[in-house]
Structure formats: C-alpha cells, structure tokens
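Overview (structure and organization)
Chain by chain, the residues:
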Amino acid sequence: MVIVYESKTGFTKKYADMLSGMTSLKSYPTEDLSKIGPQEEIIFLGWMKVGKIQGLSKARTRRIIAVCGSGTGRTAEPDLDTVMARNKIEGIPFFYLRGGCHPLSEIKGLDKLMLSMLVRILKKSESGDEKNAETIYNIENGFDGVREENLEPIIDWLNTKSYEY
Ligand SMILES: Cc1cc2nc3c(=O)[nH]c(=O)nc-3n(C[C@H](O)[C@H](O)[C@H](O)COP(=O)(O)O)c2cc1C
C-alpha cells in the first residue's frame, strides 16, 4: 500500500508527508504514478478545485482504496454526498482534510481570478454569515488548517481494516 497525492501549493503534500510518517507508507506525487505497480493499493490525496478532487482521474488507472480531498472549508463543500457523487467515489471511503491557502496577493493566473470572483460573490451575498466571513478572510489573508489530528479518521479506518502498513 502506498500514498499518492496531487498538491498545487503544498498543503496536500504536507498531509501526504504526515500520513507517510505516521504509517511508514511510501508517498508519491501523481507524476510518479508510473513507479507504482498496477496491483498496489493506493490511498489518494488531492486538492479540491470547485468541488473536483484534482489528480484523481489520473490515479484512477490504479487500485485506489481510499480518497482524501483537501480544501479550505471547515467541512467538504457543499456537502459530503455531493462531493462523493461529483467525483464518482461512491463505494470508496472518502475523508475530507482541511488544507490551506496562500494569501490571494501571492496567487497567480486563473486560480487568482477564480478566487477573486468567489470573494466578490461572497461579499455581495445576502447571508453574510460567519462561515462566509471566515472564507473571505482566509482567501484574502491565507490560512493553514493542516493538523495531524485531521488524519485520525484515516488512521482509525486503516486500523479497523487491519491493513498491513
Ligand atoms: C481555483 C480554486 C478553487 C478552489 N475550490 C475549492 C473548493 O471547491 N472547495 C474547497 O474546499 N477548497 C477549494 N479551494 C482551496 C484548495 O482546495 C485548498 O486550498 C487546498 O488545501 C490546496 O491544496 P494544495 O496546497 O495541496 O494545492 C480552491 C482553490 C483554488 C485556487
């Protein structure tokens, strides 16, 4: 069993490194998929972009036994079932990991455009609730939600499955 991850700005990689340290499983970026045998079981970690888990379709050619999505929300957005359906991972254990983001001023290109649009929409939105305010603040100022304890559900799942790692 190995860990495979797709990370653009480093937060998902931090989780992959942490999980690797906690389990002794080897960790590979998706670029190194060719180094992994077709029968090898994979725990996949990918960053989320508008609800889509990045890198997952590339890794689907292999034996994925669990999927983790990292995003900035407190929980998977809009909700767990929608994320699972959108990414076609029904039947595979899914774990949401709160990742992080760099300040908007440091982000470039299309990602910056998309996040700026989101901030504008949220600022205009009627609800103005605490969650929206937090999202706006985190995007504008940056945020690091990576915590070892967020990996506990995966560790518990691995233990109940008695996987050897
Ligand atoms: C264009 C864009 C879209 C994003 N969409 C989502 C999203 O739909 N849900 C979410 O929780 N996080 C979203 N994020 C936040 C990233 O998924 C989050 O910051 C992730 O932890 C980054 O991981 P990385 O550092 O490994 O690339 C988005 C970020 C960008 C730049």
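Residues numbered from 1 in each chain as written. Predicted model: local features only at pLDDT ≥ 70, side-chain atom pairs only at ≥ 80, totals over all residues. Heavy atoms only, no water.

**Some details on the pattern of salt bridges**
Across all of its chains, the model carries 11 salt bridges by this definition. With a closest N to O distance of 2.8 Å, Lys 123 and Glu 140 form a salt bridge. With Lys 123 in helix α4 (residues 109-124) and Glu 140 in helix α5 (residues 130-141), this pair connects stretches of sequence that are 17 residues apart. Residue classification places Lys 123 among the exposed positions, given a relative accessible area of 51%. Glu 140 gets classed as partly exposed once you look at its relative accessible area, which sits at 34%. Bridged by salt links that share partners, the residues Arg 74, Arg 98, Glu 130 and Glu 134 form one connected network. (Salt bridge = Lys/Arg side-chain N within 4 Å of Asp/Glu carboxyl O. Helix = DSSP H or I, 4+ residues; strand = E, 2+ residues; numbered from the N terminus. Buried < 20%, exposed > 50% of the residue type's maximum accessible area, 1.4 Å probe, protein only.)

**A word on the domain arrangement of the protein**
As assigned here, the protein comprises domain 1 (2-101 + 144-160) and domain 2 (103-141). The gap between the C-alpha centroids of domain 1 and domain 2 is 24 Å. In this complex, domain 1 contributes 8 residues to the contact, which on the side of domain 2 involves 8 residues. Summing both sides of the interface, domain 1 and domain 2 together bury roughly 730 Å²; the carbon and sulfur share of this comes to 45%. Together, Lys 49, Arg 74 and Cys 101 form the three largest contributors to the area buried by domain 1 at its contact with domain 2, with a combined 61%. Where domain 1 meets domain 2, there are 5 salt bridges. (Domains from an automatic or database assignment. Contact = heavy atoms within 4.5 Å. Buried area = accessible area lost by both parts, 1.4 Å probe.)

**Brief notes about a nonpolar patch on the surface**
Together, Val 50, Leu 110, Leu 113 and Met 114 make up a nonpolar patch on the protein surface, roughly 400 Å² of accessible area in all. You can see Leu 110 is positioned in helix α4. In this structure Leu 110 comes out as exposed when scored by relative accessible area, which is 55%. (Patch = residues over 30% accessible without salt bridge, like charges linked within 9 Å, V, L, I, M, F, W, Y side chains within 5 Å. Areas by Shrake-Rupley, 256 points an atom, 1.4 Å probe, with all protein chains shown as cover.)

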